[in-house]
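Analysis of the macromolecular model
Spelled out from the first residue to the last, the chains are:
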Amino acid sequence: MPERAGPKVYSIAAHRGFADALVAGLIPRYADKELGLARLTLLLPSSRAVRIVTEAFVRLSGGGMLLPRMAAVGDLDLDETLGPLLDPLGAGSEVPPAADPTLRWLRLADLLREELGPDAPKAPGLLRLAFETGRTMDRLTVEGLELGDLLDERIAGIVGDLASHWQQSTRTFARVQARWLAELAARGEVDAPERRNRLFAHAARRWRERPPAHPVVAAGVTSASPALASLLRVVSELPQGAVILPDLDLSLDEAVWQSLGSAGIPASEGEAPFGERDALAHPQYHLKLLLNRMGVNRGEVDAWHRAGMAAAPPERSRAISNLFLPPEGSAGWVDLKPDQRRLSGVRLMESAHPGEEAQAIALLIRQALEVPKKRVALITPDRGLAGRVVAHLKRWDIVADDTAGRPLPQTPAGRILLLLAEVAAEQATPVPLLSLLTHPLAGAGEGRAVWLDNARALDLALRGPRPSPGLEPLAEIVREQARRGKGSDIAAWWDGVQAILAPLLAGADEVKLGTALARLAEAGEALCGTRLWAEADGRSLSAWLEELRIAADQARTRLAAKDLPGVLRDAMDRVSVRPPWGGHPRVAIYGLLEARMSRADLVICAGLAEGTWPAAPSPEPSLPPPVLRALGVPSGEFRIGLAAHDLAGALGAPEVVLSWAQRSEGGPVIPSRFVLRVQAMLGELAESHRETEAVALARAIDHASPAPAYPRPQPRPSAEQRDVALAVTAIDRLRGDPYQFYAGSILRLRRKDGLDAEPTAAWQGTVVHAVMERWHKNGGGAGELTALAQEELAKMQAHVVTRGLWWPRLSRALEWIDLKIAQDRGEGREVLASEIKGEMTLAGVKVHGRADRIDRRADGRLVVVDYKTGKPPSGGQVKDGFALQLGTLGLIANARGFKDVAGMPDGFEYWSFGKDDKSATGFGYVYEPVADGKKVGIPRDEFLMETQRYLLEAIDKWIKGDEPFTARLNPDLGGYNDYDQLMRLDEWQARGEAEG
């Protein structure tokens, strides 16, 4: 192809497939008989693009070849630096070194704290603000703007017209930037974007003065920064140079092109580079901005002369051009002929929810792989959706890697570090502690089984309310477990764990960030060994950790210990761990940045929901939008245009599926504006583009035949299985809900409390019973109850918050008990026994239980007392035989089943700790479920006899008989629900079977 004068700029249409079309044209144009393409230098936007173009050379070479020299210009969005071609060793004398970005982040936080004074947020918020401030500084630098531009009188006038908070924010930003630039100047450094600009200028000057002897081609670069645009202009004018742009629409009507706006070239002097009516969200806008900054007219751009292997029909590019017309131009859709609106090979797939969308996408990929050599690419900014698809593909042993990577906190190594930080910040509370100890990396190796045995024993011991903070309360719990024979030498195991964690918890309320990171790394390695750093995530964590630690030491950063997890999580979220090697050779999963320049035979664009693709514009917290617009910094809508360009490039594939779900995890969503545009342009043709088969298969793939309706459980165990003793507390359950008795007393299943559980009535009752037992055994001295209760609460290892919330009620109720017992003593009533066990045999069945207290009145008759931390059973429940505890204990006492207790019980009292206005302390009252006038209950002289009748009836039916243990025999009886899930209550109760 003959060289022409002036800038040599080309465009590869969307339908041609950029990488393959690029290589298809480079091979014949720059091939050399001796060295092939080895003399060619290719400037590409990123290292990902280098790999994509390399793969294209392999596909199209037809054999062996020497590849051209490929250099990345460095994608700031991917946090990439320039390669040695543009950052040669010799440039160091002309261009200052770049400042460490991590150190800058921490120093900006210090400067913001000093500037904001008492208004400064806490460490997590302050560091987030520092990061955003640094990003705003970088945006200004990339656009070639300096601090003086921000202090210009024109900008000052705009700031003066804004709200006071924007004025203050702008002033703070300017002061912080000025102080930071002064620090850089003192150290002889510049920020990374500034150094990048200077290196571009250095390369442009060098190539302009001494053009390279070999060809230089810039391909796929779309960044419109002024410094890079100047370099591209130089490349386009080199004797053997060229600039090749992706998807520049050369067929777009000139009037439409002009309607995109000024794009960096204001209509008159003094106007902002970007007009208020500029179509920043259009996919061609950033390319127009790049051409304007290069000084190249669109008419000077030629179409690239080759197409790729995976090219789509040429009319596709025309349809894409029509699809993204500005509002004025899109009014012409009604006049387009069907062949100008039709997107042949493009399908629209709407799913109900993200799970269904991921399953349908996995099916499309699986179906495509049935075709030999067919390549599939999934492009989505939704990392959660990408993860679902990866998981679904494992169903068919298809290993697909998400090349956008995973955030570091979501990897095993990153999670270990965060858990260690949470354990330190929360003083070893159960949830983060057990998450840490049961993590797959913790204790891994030959002793893993023993490690988990001890961790699970500790898990069971910590169930219930949160214990006191720190390691020593946990050590006491472990010692108790050791005494009970739980775990495998759990005491020695805990000593090792405690030695690892103690340094983390030993610090003050405020810690040095560098010191804290060093301790976390030491603890992580002691807990996991070198396995922590062995995989890709561990290596990434190690590099990030060391970089942050060094910067934190230099900046002398300090923060509150409790803020450490939040700070680390925010920082780690910005680190992506990418797989070190690929998965299936014909399946690729990309984020938007990684997908640029890639091509496949089938491209699935997924997650097309508003707020996801395109992402919602995020406002700058440091500078107001009018100031940014006046300075010439593109607003957030500019990124919408980049997202539209990404979609336009993907639409050039031979087959395309546009996928979205009707709702997200949080609720209904609006389809992406791009999808709505596609549907609007297609009009009546939209129905012929629907992809419904994959969605139907996704709904059917896991659909099984309807399971038969689950019946109401009515188990009938054998006579041997029924032959169990009756606990006093289980008799009510047996009569009211036999299934609960079956699950608890025959199957011996017990519900476990959760970690950090709210104090239950059973937990509170345990404390009360322990207090009352000690008090009675100590002689029931006046005023001793409160001190004993405090001791028992301490033994229970209750958290200080739990004690603080429950103590006022408990102490007042105990004061009432003290007063009430003193009053009873004055009336000749004495306490015979407390917390006493007893048993009797009735109809050949052992009945046993524990009485909270048994008193003797002055007339010699007994009173059975039961403590209740809440509301006691009603008289109606007792009368109907569903609250037999007091009566059964009375029967045991009457049968001399309690040691040293003899007499006829005729008092049956519940002593409740509940609120009562008549109580002298406001809490505590006595309730006796005995019929008396209008009061419902069992007559006193019939109380034992009625109780025995109900007992014998229950024994005859369920213990000695063959009555089924029917679930919810009495559906109106509340209070028991430990086994509702086991009996699958919701499945049959809704059908009305509970009434049958």
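Keep in mind that what you see is a predicted model, and the values were worked out from it rather than measured. (Residues numbered from 1 in each chain as written. Predicted model: local features only at pLDDT ≥ 70, side-chain atom pairs only at ≥ 80, totals over all residues. Heavy atoms only, no water.)

**Details of the overall build of the chain**
In terms of helices and strands, the chain carries 39 helices and 21 strands. Scaling as 2.2 N^0.38, a compact globule of 996 residues should have a C-alpha radius of gyration of about 30 Å, whereas the chain reaches 38 Å, well beyond that. Taken along its principal axes, the extent of the C-alpha atoms in the chain is 125 × 65 × 60 Å. The proportion of buried residues among the 996 residues of the chain is 52%. Partitioning the intrachain contacts of the chain with sequence separation of at least 6 by distance along the chain shows that 78% fall at a separation of at least 24. As displayed, the chain has an accessible area near 44400 Å², and 51% of this comes from carbon and sulfur atoms. Side chains of the chain carry 121 positive and 131 negative charges; the gap between the two charge centres is 2 Å. (Helix = DSSP H or I, 4+ residues; strand = E, 2+ residues; numbered from the N terminus. Rg over C-alpha atoms; globule rule 2.2 N^0.38 Å. Buried < 20%, exposed > 50% of the residue type's maximum accessible area, 1.4 Å probe, protein only. Contact = heavy atoms within 4.5 Å. Areas by Shrake-Rupley, 256 points an atom, 1.4 Å probe, with all protein chains shown as cover. Lys, Arg positive; Asp, Glu negative; His and termini not counted. Charge placed at Lys NZ, Arg CZ, Asp CG, Glu CD.)

**Quick look at helix α23 (residues 536-555)**
Helix length check: α23 (20 residues) gives 28 Å between terminal C-alpha atoms against 28 Å at 1.5 Å per residue, within 8%. On the buried face of α23, the contacting elements are α3 (101-116), α17 (412-425), α22 (513-528), α24 (564-573) and β12 (576-577). Arginine 556 lies just past α23 and shows a positive phi near 55°. (Expected span 1.5 Å × (residues − 1).)

**Here's the deal with the environment of glycine 157**
Mapped onto the secondary structure, glycine 157 falls in helix α6 (residues 153-160). Relative accessible area serves as the criterion here: at 37%, glycine 157 is assigned to the partly exposed category. Separated by 725 residues in sequence, glycine 157 and phenylalanine 882 place their C-alpha atoms 81 Å apart.

**Digging into a negative patch on the surface**
Together, Glu146, Asp149, Asp152 and Glu153 give the surface a local cluster of negative charge. Along the chain, glutamate 153 falls in helix α6. Overall, the relative accessible area of 73% leaves glutamate 153 in the exposed class. (Patch = residues over 30% accessible without salt bridge, like charges linked within 9 Å, V, L, I, M, F, W, Y side chains within 5 Å. Salt bridge = Lys/Arg side-chain N within 4 Å of Asp/Glu carboxyl O.)

**Some words on the sheet that holds strand β3 (residues 69-72)**
Judged by pairing direction, the sheet is parallel, and its six strands sit side by side in the order β3-β2-β4-β5-β1-β6 without closing on themselves. Both outer strands of the open sheet, β3 and β6 (301-303), are each paired with one neighbouring strand and no more. Strand after strand, the sheet turns through a mean of 25° between neighbouring axes, direction not considered. Helix α11 (residues 285-294) contacts β1 (9-12), β5 (241-246) and β6 of the sheet and is inclined by roughly 160° relative to β5. (Pairing = 2+ DSSP bridges. Axes fitted to C-alpha atoms, helices over the stretch in contact; angles between N-to-C directions.)

**Some details on the side chain of serine 262**
In this fold, serine 262 is placed in the loop between α10 (254-259) and α11. Residue contacts for serine 262: discarding those within four places in its chain leaves Pro273, Phe274, Gly275, Asp278 and Asn292.

**Looking at α17**
End to end, α17 covers 20 Å across 14 residues, agreeing with the expected 20 Å (1.5 Å per residue, within 8%). Among the residues of α17, those classed as buried are Ala413, Gly414, Ile416, Leu417, Leu418, Leu419, Leu420, Ala421, Glu422, Val423 and Ala424. Of the surrounding elements, those touching the buried residues of α17 are α18 (430-437), α21 (490-505), α22, α23 and α24. Trailing α17 by a residue or two, glutamine 427 shows a phi angle of about 55°, which is positive.

**Side note on empty space enclosed by the protein**
Taken as a whole and judged by the stated rule, the model has four cavities of 30 Å³ or more. Of the pockets and cavities examined, the largest cavity occupies roughly 40 Å³. Lining the largest cavity are Leu106, Ala109, Asp110, Arg113, Ala123, Leu126, Leu127, Thr557, Arg558 and Leu559. When contributions to the lining of the largest cavity are tallied by element, the ones reaching two or more residues are α3, α4 (123-142) and β11 (558-560). Sort the elements by how many residues they give to the lining of the largest cavity and α3 lands first, with four residues. (1 Å grid on protein atoms, 1.4 Å probe; cavity = no way out; pocket = protein on both sides within 12 Å on 5 of 7 lines; lining within 4 Å. Points joined across faces, edges and corners; volume = space filled by probe spheres on them.)

**A short note on the packing of aromatic side chains**
Scanning the entire structure with this criterion turns up eleven aromatic pairs. Considering the side-chain rings of tyrosine 867 and phenylalanine 913, the 6.5 Å spacing of their centres and the 80° angle between planes classify their relative orientation as edge-to-face. Here the residue tyrosine 867 occupies a position in strand β19 (residues 862-868), and phenylalanine 913 occupies one in strand β20 (residues 905-915), the gap between them amounting to 46 residues. A centroid spacing of 4.0 Å and a plane angle of 10° characterise the contact between phenylalanine 908 and phenylalanine 943, whose relative ring orientation is stacked. (Phe/Tyr/Trp six-rings, centres within 6.5 Å; stacked < 30°, edge-to-face > 60°.)

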